[in-house]
Structure formats: structure tokens, C-alpha cells
Amino acid sequence: MSSLPPAPQRWLIFCAIVDNFGDIGVCWRLARQLVRDYQQSVTLMVDDWQTALSFVGRMDACLLSQLDEQGVRIVHWCDQADGHADVSPATIVVEAFGCALPDAVIARMAALTQASDNDDSETGRASARPCWINLEYLSAEPWIESYHCQTSLQTMQSGAGNDRSLATVVLHKAFFFPGFTAASGGLLRERDLLAKHDQWQTTLAQTRSELLAWLDVDSRAPVRVRRDDAIWLSLFAYARQPGARQPGSPQSGNLALTSLFAALAEDPVPVLCLVPVGNVLVDVADALGQPVVPDVGEVLKKGSLSVLVIPFLPLDDYDRLLSACDLNIVRGEDSFVRAQWAARPLVWHAYPQQQNSHLDKLDAFLARYGDTDVPENSEDSLMQFNRFWNLDADCKKVWHDLRPQLPDLTLRARNWQQKLAELPDLASSLMQFYRNRP
């Protein structure tokens, strides 16, 4: 990126942590990339300190309110954040996914904007005015292109003290949409990410062996899952009935998962399904007829199927897992994007929304994904499986239709990865937007 103008000095990224690390996964990856690839100064403001520490593997810092991790300053976002959110000139303030900024931060942006408006020099005005960006959720829907980089004017009152009158200040909040086209903000992609996937997949047997050794499951995993012809599948999905409940309770039931496990169990090829710890383990226990939720490290067996419960993985190790699998079932946004960079067939469990509006997002993505060049009819079973999974329908027959097509679908996933790689990544797009703003 040597053609880019000099980098801005400071970024403040505000993240409200929800739903099992979903939002912080995106914010943390963005913060890390800005530091690693673009040498930026980044502060990540988080509202849930314990969850944030768990996410970055730093529970030893639970008595602190801030820490430095991989070059990123992570700060506990308190009610007003007035003592930690240092909004200075040339700061980019990222309001991730519409979380409301603290009043103190908005007031500081207004004061700096007022000062820049009063500066007679054009250079002074540009350098003093903070940049306010609302980073939106990812969508493949065409309408986002019309709204990407559009600005909302926020009228504020700035000024304090008995001897100063309040002044009306107009702040510009830009809406930034990640996406799959050149008319969007692109996707998060570190500079070395695709090279890592190429290396992992070129030495696939070694990658899998190292993963099992790192997870310390060699003594528990059945020998058959380490055969070269074994199918590896990762499962990171939403529970159908979230909340505290026990396997076998009247509220339980996940037809899509139960039917998939039944199909995998009768498959002529051994299958290893790796499931990170989370709420979906209740559904896993139900699907396998287990009365107790399995613990991390347990291997549950049914016919040809072995289900291995694994711990929550650090980001880079999760990327390696996605790369090592033949099919990835993913959820939300972060794992959804990372599975696409892994160039493996994927099933996306879209976040369930009222009136099934998430199905519109799913169909919009599948329409773009289906444009990728593949052998005739290879896409039908994968698209059908995605829809069945999101509708919690019987996936047994669909899996048997899909499995023989995995080689062709892997080629298609590679083509899709390369198509996305031609677009600017999200971090560089954000930086370019800052430099091109009026």
C-alpha cells in the first residue's frame, strides 16, 4: 500500500460485545490488522471486560481496566468512557454495528469539530476534525451499495462554562458497509492470510495432525479419523433453543443437526465433526441421544461419525481449523467471512431474525456465490443444504447428494476466494475513506 497517503495517527473502535464473541471477533481482527499491516495506533473500547479478556486469552488481567495486547490498547468501556477514550485531532472513531457512543466522546468530537470550523486554514480544518464511522453489519444485499459511505448529519451543541455560549456544531457520521463488491467496503483480510491457507492446505495431513496434537486429543480421537480419506467438518452454529436447558427437555430439538448426524453416521467414509464449546452442544447431545452435555475433549461416536468437542480457539488457530476441514458450518459474521477465505465449501447459519428476514440475507449471498464458475449442477446441493439448515429442515438426503460433490465444490470455493481477493480489504478501504473525505 505504498501509494496511500501518510497514515492517520489514532483509531478508537467501540464494540458492544454480544452473542458469543460475534461482534468482538470482527472488531478485534480489524484492530489487529490496522496495527500489523498499516502501523496504526488503535484503542479498542469494549463494554464487557470479562468476555473481552476471555476472547483474547488474558483472564490474568481481570483486575485491570485496560491492557496492551498484540499492539492494540484494549480498554474497558465504562458508562461515559470520559477518562479513557482520548479523542484527539485526526482520530477515526468507529462505532461498530450501531452501538451508541458515550456522550463524553460525542461532546469531544463536537468540540474538536468546532475548533476546526473556526480555523482559518484549510489544512487546520482537515487535521483537527475527527472522523465518525458507523461500521455496519455485512450483507450481500444489493441495496447496501447505495448507502455505503453515505453521511448522516448529527447536530450537536458544543461549549461549556459560564463565560462561553453554546455553539451549534454539525458532525458527519458515515455509514460503512462491508460487502462482496467493489461498491462496498470489502471484507477483513490480512496481508498474509491467503498465503497461510495455501500452506496449510498444501500440507493438509500435517496440518490436521498438528491440530489434533495441539488439541491434545490424539489419545481419544479414533484412528479412523486420521485416515487420508476421512471427512473433516467443523460445526459452529446457533442453538435452536438458546438458553439454559438440559438435553432431552421438551423445548429441545434440532432437526437439521439430528438429520445431518444421522446421515454422517451411515456414511461409508469416516467423518470427524469438530465442535467448539458453546450453546449448540446441547443440540449436539440431543442429536446423538446423549443425556449429558459433553465436555471439552470428549469424543462421541455414532457409526462412521466421531464428534470431538474442542475449546474456543484463538483466531489464528480457528483459521487453521477452517482450512483443514472439507466443509465448514459457520454462523454470524466473523466465522462466515473466515470460512470464505479458507476456500472450503461452507454452510452459513445466518443470525435468526423476526419474520425470517435473515433468509433474505442468505439468499442474497447464495445468489452471488452461485455466480462463481463451477461444473454444471455442482452448486445445487450446497445451496439447498444452506436453505435446509437455516429452516431447520431434514438435511439427510441433501447431505448424501452433497458429499460426492465436495471436490467440485472445493474448486468453486477456491474460485470464490480468488474473486474476493481482487477487491480491497475492509481495513484499507476504511483508511482510504478517511483520506478521501472532504
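Use the structure listed above.
So, how was this worked out
- Residues numbered from 1 in each chain as written.
- Predicted model: local features only at pLDDT ≥ 70, side-chain atom pairs only at ≥ 80, totals over all residues.
- Heavy atoms only, no water.
- Helix = DSSP H or I, 4+ residues; strand = E, 2+ residues; numbered from the N terminus.
- Buried < 20%, exposed > 50% of the residue type's maximum accessible area, 1.4 Å probe, protein only.
- Areas by Shrake-Rupley, 256 points an atom, 1.4 Å probe, with all protein chains shown as cover.
- Contact = heavy atoms within 4.5 Å.
- Pairing = 2+ DSSP bridges.
- Right-handed = clockwise from strand over helix to strand, strands pointing away.
- Salt bridge = Lys/Arg side-chain N within 4 Å of Asp/Glu carboxyl O.
- Core = buried A, V, L, I, M, F, W, Y, C linked by side-chain atoms within 4.5 Å.

Chemist: Would you mind going over the overall build of the chain in detail, with residue names and values included?
Modeler: Secondary structure assignment for the chain yields 16 helices and 14 strands. By the burial criterion, 55% of the 438 residues in the chain qualify as buried. Accessible area for the chain stands at about 18,800 Å²; split by element, carbon and sulfur atoms hold 50% of it.

Chemist: Account for the environment of A263, with residues named and values stated.
Modeler: Relative to the elements of secondary structure, A263 occurs in helix α8 (residues 255–265). The spatial distance from the C-alpha of A263 to the C-alpha of V398 is 9.2 Å, given a sequence separation of 135 residues. Leave out the neighbours within four places in its chain, and A263 touches K396, W399 and H400.

Chemist: Explain the pairing of strand β14 (residues 346–349) to me, and be specific about the residues and the numbers.
Modeler: One face of the sheet, then the other: side chains in a regular strand alternate in exactly this way. A two-sided burial pattern is seen for β14, the buried positions comprising L346 and W348 on one face and V347 and H349 on the other. Both strand β13 (residues 327–331) and β14 contribute to a ladder of 4 bridges, which runs parallel. Within β14, the position partnered with R331 by the bridge is H349. With respect to chirality, the unit in which β13 leads through helix α11 (residues 334–341) into the neighbouring parallel β14 is right-handed.

Chemist: Please set out the pattern of salt bridges residue by residue, giving values where relevant.
Modeler: Enumeration according to the criterion identifies 18 salt bridges in this entry. In this structure, R29 engages D319 in a salt bridge whose closest nitrogen and oxygen atoms are separated by 3.5 Å. Placement of R29 in helix α1 (residues 22–38) and of D319 in helix α10 (residues 315–324) is noted, with a sequence separation of 290 residues between them. D319 gets classed as buried once you look at its relative accessible area, which sits at 2%. Through salt bridges with shared partners, one network takes in R29, E190, D319, D334 and R338.

Chemist: Describe in detail the nonpolar core, supporting the description with residues and values.
Modeler: Core analysis: the largest hydrophobic core is formed by 77 residues, its most contacted members being L235, F261, F365, W389 and W399. Of the residues forming this core, the biggest block, 7 residues, is contributed by α8. Among all residues touching F261, those that are not within four sequence positions of it are L235, C273, V284, A287, L288, L305 and V307. Core analysis: the second largest hydrophobic core is formed by 43 residues, I13, L30, A52 and C131 among them.

Just distances and angles here, no functional claims.
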